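# Per-entry structural report
This is what each chain is made of:
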Amino acid sequence: DAKTTQPNSMESNEEEPVHLPCNHSTISGTDYIHWYRQLPSQGPEYVIHGLTSNVNNRMASLAIAEDRKSSTLILHRATLRDAAVYYCTIVGGKLIFGQGTELSVKP
Amino acid sequence: GAGVSQSPSNKVTEKGKDVELRCDPISGHTALYWYRQSLGQGLEFLIYFQGNSAPDKSGLPSDRFSAERTGGSVSTLTIQRTQQEDSAVYLCASSLRRTMNTEAFFGQGTRLTVV
């Protein structure tokens, strides 16, 4: 399974964009890139996923590098409710999580 | 309900006892995953099912842990002779098929405390 590397923590100001990076240099050609987040005391929830092209949904955007060895989750306007641990995971069948990035949002 | 349901939500057990944790996935979801999350830690993969079979049991910490799934639906995670280090939140997730181009949905977890 491909390994992911994310910063342990990041800070953002409310209503500003947030770019959460993830490195996955051992990704293989058929692996999808998934992002999940876990709010305090809750189970993880799906955010977005992609294979090669950039993706947008109501929650976020996913920018995937051309060589697919890294990706960035973009929250366009952070809110206090976006404070969570964000997990980037490479999916080739199993769904394996790394340690994630703890995002704090300041008012 | 429409989501993944786990029961019980909380379980306190004495060291040495056996416990069973239940997961009801979303109807029609063929893939089912179990994870363990210790306090302040990330999600530790335990096992996943495709239908009733478990192609990958590599995450089970010891032979005291076992899991089964019947009818392609409900799954039970059993921990025998519980130890204090088994205390954690156990999370279950399901997806329409093996998660590649599909999202997984998580339950709220079972908080297990071994005293």
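Scroll up to find the structure this text is about.
Since we're looking at a predicted model, the values are computed, not measured.

## Here we look at the sheet that holds strand β6 (residues 61-64) of chain A
As summarised here, the arrangement of the 4 strands in space is β2-β7-β6-β5 (chain A), forming an open sheet in which the pairing is antiparallel. Every other strand in the sheet has two partners, leaving β2 (18-23) and β5 (55-56) of chain A as the edge strands with one partner each.

## Some details on the state of the cysteines
Residues and elements named next belong to chain A. Under the criterion given, the structure shown has 2 disulfides over all chains. Disulfide pairing is shown between C22 and C88; the S-S distance is 2.1 Å. Measuring handedness by torsion sign, the sulfur bridge of C22 and C88 sits at about -75° and is left-handed. Here C22, found in strand β2, pairs with C88, found in strand β8 (residues 84-91); they are 66 residues apart in sequence, far enough to count as distant. Taking relative accessible area as the criterion, C88 reaches 0% and is therefore assigned buried.

## Some points on the sheet that holds strand β7 (residues 65-69) of chain B
Residues and elements named next belong to chain B. Read from one edge to the other, the open sheet built from 4 strands follows the order β1-β3-β8-β7, with strand pairing classed as antiparallel. Each edge of the open sheet carries a strand with a single partner, namely β1 (5-7) and β7. Sheet twist, expressed as the mean angle between neighbouring strand axes with direction ignored, is 15°. Note that β1 and strand β3 (residues 19-24) share 3 bridges and pair antiparallel. Paired with Q6 across the two strands is C23, which belongs to β3.

## Things to note about the nonpolar core
Counting residues in hydrophobic clusters, the biggest one holds 21 residues, and the most contacted among them are L20(A), I33(A), W35(A), L73(A), L75(A), Y86(A) and L103(A). Secondary structure elements with two or more residues in this core: β2, β3 (32-38), β4 (45-50), β6, β7 (70-75), β8 and β9 (101-106) of chain A. When residues of this core are assigned to their parent elements, the largest contribution, 4 residues, is made by β8(A). Dropping the residues within four chain positions of it, L103(A) is found in contact with M10(A), E11(A), S12(A), V18(A), L20(A), L75(A), D82(A), A83(A), A84(A) and Y86(A). Membership of the second largest hydrophobic core comes to 20 residues, among which are L21(B), I47(B), A88(B) and Y90(B).

## What to know about the side chain of Q38(A)
You can see Q38(A) is positioned in strand β3. On the basis of relative accessible area, Q38(A) is assigned to the buried category, the value being 9%. Reaching out from Q38(A), the side chain makes a polar contact with the side chain of Y87(A) at a distance of 3.5 Å. A polar contact is formed between the side chain of Q38(A) and the side chain of Q37(B), at a distance of 2.8 Å.

## With respect to the packing of aromatic side chains
Evaluation of the coordinates by the stated rule reveals 10 aromatic pairs over all chains. Seen in terms of ring centroids, Y87(A) and F97(A) are 5.4 Å apart; in terms of plane orientation they differ by 80°. Their pairing is edge-to-face. Here the residue Y87(A) occupies a position in strand β8, and F97(A) occupies one in the loop between β8 and β9, the gap between them amounting to 10 residues. With respect to class, Y87(A) is no different from F97(A); both count as buried. Measuring from centroid to centroid gives 5.7 Å for Y35(B) and F106(B), while their planes differ by 40°, and the two rings are tilted. Here the residue Y35(B) occupies a position in strand β4 (residues 31-37), and F106(B) occupies one in strand β10 (residues 104-106), the gap between them amounting to 71 residues. One aromatic cluster in this structure is built from Y36(A), Y46(A), Y87(A), F97(A), Y33(B), Y35(B), F45(B), Y48(B) and F106(B).

## Remarks on the interface of chain B and chain A
Every contact between the two is made by 21 residues of chain B and, on the other side, 20 residues of chain A. The contact between chain B and chain A buries some 1700 Å² in all, and 55% of this surface belongs to carbon and sulfur atoms. Among the residues of chain B in contact with chain A, L43(B), M100(B) and F106(B) are the three that bury the most area, contributing 32% of the side total. Taken together, the connections running from chain B to chain A amount to 0 salt bridges. For the pair chain B and chain A, the interface holds 4 residue pairs in polar contact (both at pLDDT 80 or more). Of all the elements in the fold, those that place two or more residues in the side of chain B that touches chain A are β4, β5 (44-50) and β10 of chain B. The greatest single-element share of the side of chain B that touches chain A, amounting to 3 residues, is contributed by β4(B). Looking at the side of chain B that touches chain A residue by residue, the class counts come to 9 nonpolar, 9 polar and 3 charged.

What counts as what
Residues numbered from 1 in each chain as written. Chains lettered and ligands numbered in written order. Predicted model: local features only at pLDDT ≥ 70, side-chain atom pairs only at ≥ 80, totals over all residues. Heavy atoms only, no water. Pairing = 2+ DSSP bridges. Helix = DSSP H or I, 4+ residues; strand = E, 2+ residues; numbered from the N terminus. Disulfide = S-S within 2.5 Å. Buried < 20%, exposed > 50% of the residue type's maximum accessible area, 1.4 Å probe, protein only. Axes fitted to C-alpha atoms, helices over the stretch in contact; angles between N-to-C directions. Core = buried A, V, L, I, M, F, W, Y, C linked by side-chain atoms within 4.5 Å. Contact = heavy atoms within 4.5 Å. Polar contact = N/O pair within 3.5 Å; in protein donor to acceptor, adjacent residues only side chain to side chain. Phe/Tyr/Trp six-rings, centres within 6.5 Å; stacked < 30°, edge-to-face > 60°. Buried area = accessible area lost by both parts, 1.4 Å probe. Salt bridge = Lys/Arg side-chain N within 4 Å of Asp/Glu carboxyl O. Nonpolar A, V, L, I, M, F, W, Y, C, P; charged D, E, K, R; others polar.

Function cannot be inferred from these measures alone, as they are strictly geometric.
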